[in-house]
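These are the residues of each chain, in order.
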Amino acid sequence: MGLKAYIHVSNLKTEIEWLIQKNNLNLCLECGKCSAVCPMLNFYGAYDYGRSPRGVVERLTFDPENIDDEALWYCLTCNECTFYCPSGINFQDFMIELRSLLLRNGYKKYAHFCSVCGAYLMPKKEFEYMQKDPNGKIIGELLSICPRCKKNNYSETLRRIAPVHKTLKKL
Amino acid sequence: MSIRVGVFICHCGTNIGGIVNVQEAVEYARSLPNVIFAESNLYTCSENGLSSIRNKIKEYDLNRVVVASCTPRTHETLFRKNCELAGLNKYLFEFVNIREQCSWVHMKRHDDATLKAEDLVRMGVAKASLLTPQEDLSTDVIRACLVIGGGISGLSASMALANQGYHVELVEKKDKLGGLLRDVNMVFPTNESSENLLGPLIESVLEHKNIDVHLESELIDVKGFIGNFTATLRTDSKNEEIKTGTIIVSTGAAELKPEKMFGYGRFDNVMTQLDFEKKYKSDYHGLNRVVMINCVGARIEERTYCGRFCCITGMKNAVLLKQANPQADINILQRDIMAFGMVFEDYYRNALGAGIRFMRYNVDNLPEIMGSGNNAEKVRVYNELIGREVEIDVDLVILTTPLVPGKDNEKLSKMMRIPVGNDGFFLEAHQKLRPIEFPSDGIFVAGCARYPTEISECIAQGYAAAAKAAIPMAQGRVITDALISEVDPLRCSSCGRCINICPFGAIDWADRKAPSGETRKVALVNPAECKGCGLCVSSCLSGAIQLNGFNDEEILAMVNSVIESSEATF
């Protein structure tokens, strides 16, 4: 990712408009199915209309420059809205591409990165929510490392989370 | 001459026979006054039953027939015809319902049901003894049709009738044919010019040898009934009378001009969709920032209906504007989008894909138009979706308004006794089962006179009205049931209640000369229009109207027969 060859005018507003058109976002019929299946309510408790798929698109259409907005980093890219949309809008791809665009342009405030190599992992909000596993055990540490770095440190990681094997104990 | 009644009681399989003791009822019937013969049948309506009736009429010289079986709605016509075949006047037949009104509602009480059936038969015999022979009325139908209004519906209806060989008198108020469609530039969804649609059609109508076109003519009066209408036209201050057998009302509607709304009338660049089509035709040069506001004057408290096709008209114009100026910023402020069916849904999708923005506004928070002098410059609207106010710069504001009923609808309604609904458009006989026709026979409605409809539906309704109008004209005659009301002029007090209450407009005033030489007006029933509903009979305070086949004497005989000797113990 990061190919800019096809964009002649690297103007943020134009690039966002291009993303909107590419993913069919302007075909929205305002049916509301996306907002209905979005799991944000379960995850974040407070459901703000402005954070719903329709809300995000509409605001971007009107203020393409107003993108230093935390609401753009709430989406989990779970694909439910894209699955149910009757107009064929690809909101999942749009969000992923939009975030990539934001990162390239320096809007990093709401993103969470790998503590070893600095690669983008997930939105900060998602990271905060997932700090604890269902049993209350803090696994935040593992979420701070990107998959590649995790692989490179695999034995270290395993030792921390896996119980020691019976035979090894005897040694 | 003595009355000789024959009674035929039906088993109707087990429908009646399983609950009522039919044999006992037959025995009872034989004991009634005037009854010469009684028998039971398994199915009186079968060929066996019918031929038995005919044979017994001849054998026993019967002059009244009573059949006790199901509801008259099923077989009355059949039994009446059967009597006619045996040489008996068909109105000397009486139908008694011992199924829907007896066996089917008292299924668990066999003895009481039998007694009730006997009561009902007694009532039937009492009435039958008083029946008198009646003759059906037959009137000729003039093979011509009056089409009021030369818009797309009227033109379609005229062509459909004229091509079948009927004569058509087409009356148009303006000096040109075509109606509302003349002002429309392009039609959706094909985006072709309305001239392509209208031009050839108008030419065919003007040239057709079966169509007489009356331009700049107004309808002053209509008299008569199906088969024999007389219409008075006024052309160039001269009156003309034309006679036709049927009438089609295709007077269309008008576009609402939203005075004082959204700066209409104050700003030169605020106009309705039709204004826009008339002014700009196809030259959209310089129109780069356009806002359309939908549902103006529609779906509000004073006018609750939806215009049905104005959303699509707006979309069509928006698409044409966008095609002419691809960089243009076009916003449609809407409250809902009505784009029904596959064709219009696809059209809506195309409009969205072209980059036209549809913004929802709330009826409680209407958009504001701001400008200076007579030029509108900005539109401010509260965008429901993002929850804040938005300001849009504009070159042009187009207001999408619905069609409203024509000004002449009330006048025509009184002239021809055709009903007008709450919203001012004409109302058909039954909204679900009887479109196109009115309660009064021989008059039909097509197109926007009934409700705002788009072009293909107007054409279809024109054809439908032509098909319905062709029926009486093809048959050449209209036969009316003989069971209609009659006024006794000696008893009529000229109060006019019956005239007002008749839903079919079948009663009117008539002059009557008294022996003294004075003339007074009394009510007169037109047998061709009367449907025998009986409303006039109940409304008459002087007892001057009687309904043939259901007159006071006959009904009271039935009542007396049941009060005096009822044996049922309900």
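Here is what the cut-offs are and how they apply
Residues numbered from 1 in each chain as written. Chains lettered and ligands numbered in written order. Predicted model: local features only at pLDDT ≥ 70, side-chain atom pairs only at ≥ 80, totals over all residues. Helix = DSSP H or I, 4+ residues; strand = E, 2+ residues; numbered from the N terminus. Rg over C-alpha atoms; globule rule 2.2 N^0.38 Å. Buried ≥ 20, exposed ≤ 12 C-beta atoms within 10 Å, placed from the backbone. Contact = placed C-beta atoms within 7 Å. Domains from an automatic or database assignment. Nonpolar A, V, L, I, M, F, W, Y, C, P; charged D, E, K, R; others polar. Pairing = 2+ DSSP bridges. Right-handed = clockwise from strand over helix to strand, strands pointing away. Core = buried A, V, L, I, M, F, W, Y, C linked by C-beta atoms within 7 Å. Arc of directions from axis to C-beta. Expected span 1.5 Å × (residues − 1). Axes fitted to C-alpha atoms, helices over the stretch in contact; angles between N-to-C directions.

**Thoughts on the overall build of chain B**
Within chain B, the regular secondary structure consists of 15 helices and 30 strands. Its C-alpha atoms give chain B a radius of gyration of 32 Å, more than 25% over the compact-globule value 25 Å for 570 residues. A principal-axis box enclosing the C-alpha atoms of chain B has dimensions of 95 × 65 × 45 Å. Taken over 570 residues, chain B has a buried fraction of 42%. Counting contacts in chain B only where the partners sit at least 6 residues apart, residues at least 24 apart contribute 71% of the total.

**Let's talk about the overall build of chain A**
Scanning chain A from N- to C-terminus turns up 11 helices and two strands. Ordering the α and β elements of chain A from the N terminus gives α-α-α-α-α-α-β-β-α-α-α-α-α. Considering chain A as a whole, with its 171 residues, one finds that 18% of them fall into the buried category. Contacts in chain A between residues at least 24 apart in sequence constitute 61% of all its contacts with a sequence separation of at least 6.

**Thoughts on the domain arrangement of chain A**
How big an interface is tends to be expressed through the accessible area that disappears when the partners come together. Residue and element names in this part refer to chain A. Here chain A is partitioned into domain 1 (12–109) and domain 2 (112–170). Facing the five residues of domain 1 at the interface are six residues of domain 2. Looking at the side of domain 1 that touches domain 2 residue by residue, the class counts come to five nonpolar, no polar and no charged.

**A look at the interface of chain A and chain B**
Between chain A and chain B, the residue contacts involve 10 residues of the former and nine residues of the latter. Split by residue class, the side of chain A that touches chain B holds three nonpolar, three polar and four charged.

**Details of unusual backbone geometry**
All names here are of chain A. Of note in this structure, N24 is not a glycine but carries a positive phi near 65°. Within the secondary structure, N24 is located in the loop between α1 (12–22) and α2 (33–37). The phi dihedral of E30 is positive, around 60°, even though this residue is not glycine. Here E30 falls in the partly exposed class, since 16 other C-beta atoms lie within 10 Å of it.

**Some words on the pairing of strand β18 (residues 329–334) of chain B**
All names here are of chain B. Burial within β18 is extensive, with five of its six residues counted as buried. When strand β17 (residues 289–293) meets β18, the two strands line up parallel, connected through five bridges. The partner of R289 across the bridge, within β18, is D329. Following the backbone out of β17, through helix α9 (residues 310–324) and into the adjacent parallel β18, one traces a crossover that is right-handed.

**Some points on the domain arrangement of chain B**
The domain architecture assigned to chain B consists of domain 1 (5–134), domain 2 (144–254 + 405–478), domain 3 (257–401) and domain 4 (485–548). With centres defined by C-alpha atoms, the gap from domain 1 of chain B to domain 3 of chain B works out at 69 Å.

**Here's the deal with the environment of F438 of chain B**
Residue and element names in this part refer to chain B. Looking at where F438 falls in the secondary structure, it is placed in the loop between α11 (409–416) and β25 (443–445). Separated by 22 residues in the primary sequence, F438 and A460 place their C-alpha atoms 18 Å from one another. The contacts of F438, once residues within four sequence positions are left out, are I418, E428, A429, I443 and V445.

**Description of the nonpolar core**
By size, the foremost hydrophobic cluster in this structure holds 54 residues, and its most contacted members are I248, V249 and A465 of chain B. Once residues within four sequence positions are removed from consideration, I248 of chain B is found in contact with C145, V147, I148, A157, F444, A446, A465 and A469 of chain B.

**With respect to helix α8 (residues 273–280) of chain B**
Residues and elements named next belong to chain B. Where α8 is concerned, the buried positions are Q273, F276 and E277. When α8 is viewed along its axis, its buried side chains cluster within an angular range of 95° and face the same direction. Its buried side turned inward, α8 meets β16 (270–272), α9 and β23 (396–399). One or two positions beyond α8, positive phi appears at K281, with a value near 45°.

**Quick notes on helix α12 (residues 455–475) of chain B**
All names here are of chain B. With 21 residues, α12 should cover 30 Å at 1.5 Å per step; its first-to-last C-alpha distance of 31 Å lies within 8% of that length. Considered for burial, the residues of α12 that qualify are C458, I459, Q461, G462, A464, A465, A466, K468, A469, P472 and M473. Its buried side turned inward, α12 meets β6 (144–148), α6 (152–163), β14 (246–249), β25 and β26 (477–480). A positive backbone phi angle near 80° is found at G476, which sits one or two residues after α12.

**Focus: the sheet that holds strand β2 (residues 35–41) of chain B**
All names here are of chain B. Taken together, the four strands give an open sheet; going across it, the order is β2-β1-β3-β4, and neighbouring strands pair in parallel fashion. The sheet is open, and its two edges are formed by β2 and β4 (93–97), each paired on a single side. Neighbour to neighbour, the strand axes of the sheet diverge by 15° on average, direction disregarded. Taken together, the six bridges between strand β1 (residues 5–10) and β2 define a ladder with parallel strand orientation. What sits directly across from V5, in β2, is V35. Running over the sheet, helix α3 (residues 72–85) touches β3 (64–69) and β4 and is turned about 155° from β4.

**Remarks on the sheet that holds strand β7 (residues 167–171) of chain B**
Residues and elements named next belong to chain B. Overall, parallel pairing links the five strands, which are arranged β10-β7-β6-β14-β25 in an open sheet. Across the chains shown, the open sheet's two edge strands, defined by having one partner strand only, are β10 (211–214) and β25. Ignoring strand direction, the axes of neighbouring strands in this sheet form an average angle of 20°. The pairing of β6 with β7 spans five bridges and is classified as parallel. The residue of β7 that forms the bridge with V147 is L170. Against the sheet, α12 contacts β6, β14 and β25, and its axis sits at roughly 170° relative to β14.

**Focus on the pairing of β23 of chain B**
All names here are of chain B. Burial along β23 is two-sided: the residues L396 and I398 and V397 and L399 are all buried. For β16 and β23, the ladder comprises three bridges, and the chain directions are parallel. Across the sheet, the residue bridging to M271 is I398, located in β23. Relative to β23, β17 runs parallel, the two sharing four bridges. Bridge pairing in β23 links V290 to L396.

**A closer look at the environment of L85 of chain B**
Residue position: L85 of chain B is located in helix α3. Linking L85 of chain B and R54 of chain B, residues 31 residues apart in sequence, is a C-alpha distance of 7.6 Å.

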